[in-house]
Amino acid sequence: MNYTVVWKPAAHAELAEIWTSAQDRQAVADAANQIDQLLKTDPRQQGESRSGTMRIVFVEPIGIIFDVNEGDRLVSIAHVWIM
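The present account deals with the structure reproduced in this document. (Residues numbered from 1 in each chain as written. Predicted model: local features only at pLDDT ≥ 70, side-chain atom pairs only at ≥ 80, totals over all residues. Heavy atoms only, no water.)

Some points on the pattern of salt bridges
Now for step 1: In this structure the tally under the stated criterion is two salt bridges.
Now for step 2: Taking the shortest distance from any N to any O, the salt bridge between Arg44 and Glu70 comes out at 3.0 Å. In this pair, Arg44 is assigned in the loop between α2 (25-41) and β2 (48-49) and Glu70 in the loop between β4 (62-69) and β5 (74-82), connecting sequence segments 26 residues apart.
Now for step 3: The partner of Arg50 in a salt bridge is Glu48, with the nearest N and O atoms 3.3 Å apart. (Salt bridge = Lys/Arg side-chain N within 4 Å of Asp/Glu carboxyl O. Helix = DSSP H or I, 4+ residues; strand = E, 2+ residues; numbered from the N terminus.)

Structural notes on the packing of aromatic side chains
How two aromatic rings sit relative to each other is set out by the distance from centre to centre and by the angle between their planes.
Now for step 1: Scanning the entire structure with this criterion turns up one aromatic pair.
Now for step 2: With a centroid separation of 6.0 Å and an interplanar angle of 80 degrees, the aromatic rings of Phe58 and Trp81 are classed as edge-to-face. With Phe58 in strand β3 (residues 54-59) and Trp81 in strand β5, this pair connects stretches of sequence that are 23 residues apart.
Now for step 3: Here the basic side chain of Arg25 rests over the ring of Trp19, its NZ or CZ set 4.3 Å away from the ring centre.
Now for step 4: Note that Arg73 overlies the ring of Tyr3, its terminal NZ or CZ placed 4.1 Å from the centroid. (Phe/Tyr/Trp six-rings, centres within 6.5 Å; stacked < 30°, edge-to-face > 60°. Lys NZ or Arg CZ within 6 Å of the ring centre and 35° of its normal.)

A word on α2
Now for step 1: The terminal C-alpha atoms of α2 lie 25 Å apart, and with 17 residues this matches the ideal 24 Å at 1.5 Å per residue to within 8%.
Now for step 2: Listed as buried for α2 are Val28, Ala31, Ala32, Ile35, Asp36 and Leu39. Each buried residue of α2 sits inside an arc of 140 degrees when the element is viewed along its axis, so together they form one side.
Now for step 3: Contacts from the buried residues of α2 go to β1 (4-7), α1 (9-21), β3, β4 and β5. (Expected span 1.5 Å × (residues − 1). Buried < 20%, exposed > 50% of the residue type's maximum accessible area, 1.4 Å probe, protein only. Arc of directions from axis to C-beta. Contact = heavy atoms within 4.5 Å.)

Describing the environment of Glu14
Now for step 1: Turning to its location among the elements, Glu14 is positioned in helix α1.
Now for step 2: Dropping the residues within four chain positions of it, Glu14 is found in contact with Ala78, His79 and Val80.

Right under this line is the structure:
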């Protein structure tokens, strides 16, 4: 069963800022799409754990912090940055 992946408004704004200022916008878009795909299937196996239910993952050229809600099968991306 798949998870629903959502970008919190702050993370979505960060991604837009990164994309707008990126020299290679396609690389940013491809990384965001790859992250969505990775987190839809098995988010607990992606990246490294952080405090509580938070995890961190890197897909060049961006990194993200996300939270997994098993009960709702929901992944919330909270923060994104350029590496």
